[in-house]
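Now for the letters of each chain:
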Amino acid sequence: MSFKINDCVTWVGKIDWELRKFHGEELSTHRGSSYNSFLVRGNNKTALIDTVWNPFAGEFIENLKKEIDLEEIDYIIANHAESDHSGALPELLREIPDTPVYCTRAGVKSLSGHYHEDWNFKPVKTGDKLELGGKELIFIEAKLLHWPDSMFCYLTEDAILFPNDAFGQHYASELMYNDLVDQGELYDEAIKYYANILTPFSKLVASKIKEILELNLPVKMICPSHGVIWRQDPLQIVNKYAEWADAYQEDHVTIIYDTMWDGTRRTAEAIAAGIKDVNDSINIKLYNAARSDNNDIITEIFKSKAMIVGSPTINKGILHSIAALLEVVKGLSFQEKKGAAFGCYGWSGESVKLLNGMLEEAGFKLINEEGLRLLWNPDQEALKSAKDYGSEIGTALV
Ligand code: FEO
């Protein structure tokens, strides 16, 4: 399949309807994804921007040959070396071995590290241009958005930004454009993508957006490397990124727990009731981490003012679903969020202290330094103390 975006730009990527996990098993992709590759024809020269993930390399080359004689591709642009975009390069460059590959200096290292091939690399930096005849591609380095090698390029005359991963979504759709798809689905996937992939780089996102807006370039379309193309009000996603990059939070609190015999679950629900008693407008959501998708929970934490986390004590530690989730949370470096811990225990009771330490290590400011420890299965009096603890949390979040 190929898809004409305008007279000179054709989408030649792959829609992956089956994808349910990305980055190995790390990131859930409930609605599939796409690997967007673009063929850009100027009056004299033709460039191919990015390719697709390795498993689709053969299909990609076959489809590309239906669109163009491969020998007519003058330049290959590798905006990013991660294999979901570079995976078809080895097969493509076996067919057209001397074609120059334009990427950043870090891109040369990453692509060499992945494929160990002596390709005809042409390293570029911000402001470098490639003349296609009647229009040019301008390169913009985007270091650490989200890899050291990441790069955007901008097509003059057509005013199209190709920002690779930035502004993308793991969202398969044959409709191709932002204005044609379900807006709720699109928003959910765009914010999940930001929360789970870009959060640690928020300061760089903010400065890159400022840099791009200061160039005062017209932007008619934004063509990311995953998901749909932003053509209707394309800057809406840039504005959303500016908002999300600025210690984003809504009037929202997420309570996450795991439980063995329901004591910690009942405590979580009592805490929620206590929050609601004093703060009935805040959106309270509860998740059993062992029964929920980690990346969906991360999106809820991203939207939250606070994360309240609970685990019973087991073998002097915490349950592994909570440990795994908090490892991800730590890496994401959320800004300006509060936290609190709770958990039931029978004898040693280390879980709450451990959770407090993990919350602080992840940059969360504790609402209560002690946390809430409940001995054995909570009775009505213990649940009352959990409700009071919830009210203290709810008051701190007003
Ligand atoms: Fe879509 Fe960083 O790869």
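Up top is the structure.
The rules behind the values
Residues numbered from 1 in each chain as written. Predicted model: local features only at pLDDT ≥ 70, side-chain atom pairs only at ≥ 80, totals over all residues. Heavy atoms only, no water. Patch = residues over 30% accessible without salt bridge, like charges linked within 9 Å, V, L, I, M, F, W, Y side chains within 5 Å. Areas by Shrake-Rupley, 256 points an atom, 1.4 Å probe, with all protein chains shown as cover. Salt bridge = Lys/Arg side-chain N within 4 Å of Asp/Glu carboxyl O. Helix = DSSP H or I, 4+ residues; strand = E, 2+ residues; numbered from the N terminus. Buried < 20%, exposed > 50% of the residue type's maximum accessible area, 1.4 Å probe, protein only. Axes fitted to C-alpha atoms, helices over the stretch in contact; angles between N-to-C directions. Parallel < 35°, antiparallel > 145°, perpendicular 65-115°, else oblique. Left-handed = near helix turned anticlockwise from the far one by under 90°. Contact = heavy atoms within 4.5 Å. Nonpolar A, V, L, I, M, F, W, Y, C, P; charged D, E, K, R; others polar. Phe/Tyr/Trp six-rings, centres within 6.5 Å; stacked < 30°, edge-to-face > 60°. Pairing = 2+ DSSP bridges. Core = buried A, V, L, I, M, F, W, Y, C linked by side-chain atoms within 4.5 Å. Domains from an automatic or database assignment.

This part takes up a nonpolar patch on the surface. On the surface, a cluster of nonpolar side chains totalling about 370 Å² of accessible area is made up of Met260, Trp261 and Ile314. Considering the arrangement of structural elements, one finds Ile314 in the loop between strand E19 (306-310) and helix H10 (320-332). Accessibility expressed as a relative area gives 31% for Ile314, which makes it partly exposed.

In this section: the packing of helix H9 (residues 294-303) against H10. At a closest axis distance of 11 Å, the pairing of H9 and H10 adopts a crossing angle of 50°. Judged by the inter-axis angle, H9 sits oblique to H10. With respect to the hand of their crossing, H9 and H10 are arranged in right-handed fashion. Of H10, the residues touching H9 (which contributes Asn294, Ile297, Ile298 and Ile301) are Ala324, Leu325, Val328, Val329 and Leu332. For the contact of H9 with H10, the residue count by class is eight nonpolar, one polar and no charged.

Turning next to the packing of aromatic side chains. Under the counting rule described, the total for this entry stands at 19 aromatic pairs. Ring geometry for Tyr194 against Tyr241: centres 4.9 Å apart, planes inclined by 85°, an arrangement best described as edge-to-face. One end of the pair, Tyr194, is in helix H5 (residues 183-198); the other, Tyr241, is in helix H7 (residues 235-244), and 47 residues separate them in sequence. A single burial state applies to Tyr194 and to Tyr241, both of which are buried. On the basis of an interplanar angle of 25° and a centroid distance of 5.4 Å, the ring pair of Tyr248 and Phe302 is categorised as stacked.

So, about the sheet that holds strand E9 (residues 75-77). Ordered by their spatial adjacency, seven strands build an open sheet running E1-E2-E7-E8-E9-E10-E11, and the pairing between neighbours is mixed. Strands at the two margins of the open sheet, each flanked by one partner only, are strand E1 (3-4) and strand E11 (121-123). Summarising the sheet, strand E10 (residues 101-103) and E11 pair through three bridges and their orientation is parallel. Bridging from a neighbouring strand, Tyr102 pairs with Lys122 of E11.

What follows concerns the nonpolar core. Of all hydrophobic cores here, the largest spans 86 residues; its most connected members are Leu64 and Tyr241. Per-element accounting of this core gives the leading share, eight residues, to H5. Among the domains, domain 1 (3-244) and domain 2 (252-396) are the pair contributing at least three residues each to this core. With residues near it in sequence (within four places) discarded, Leu64 still touches Val12, Leu39, Leu48, Leu70, Ile73 and Leu92. Among the nonpolar cores identified, the runner-up in size contains 28 residues, and Ile5, Tyr102, Leu155 and Ile160 belong to it.

Attention now moves to the environment of Ile5. You can see Ile5 is positioned in the loop between E1 and strand E2 (9-11). Leaving out residues up to four positions away in the same chain, Ile5 has contacts with Thr10, Trp11, Phe38, Tyr177, Met221 and Ile229.

Right, let's talk about the sheet that holds strand E12 (residues 129-131) for a bit. On the basis of which strands lie adjacent, the open sheet formed by five strands has the order E12-E13-E14-E15-E16 and mixed pairing. The open sheet is flanked by E12 and strand E16 (221-224), the only strands paired with a single partner. Geometrically, the sheet is characterised by an average inter-axis angle of 20° between neighbouring strands, direction not taken into account.

This model, assessed by the stated rule, comprises 22 salt bridges. Here Glu67 ties to Arg41 by a salt bridge, and the two come within 3.5 Å at their closest N and O atoms. Of this pair, Glu67 sits in helix H1 (residues 57-67) while Arg41 sits in strand E7 (residues 38-41), and the two are 26 residues apart along the sequence. On the basis of relative accessibility, which here comes to 24%, the residue Arg41 falls in the partly exposed class. Put simply, Arg31, Glu185 and Glu189 are held in one network by salt bridges that share partners.

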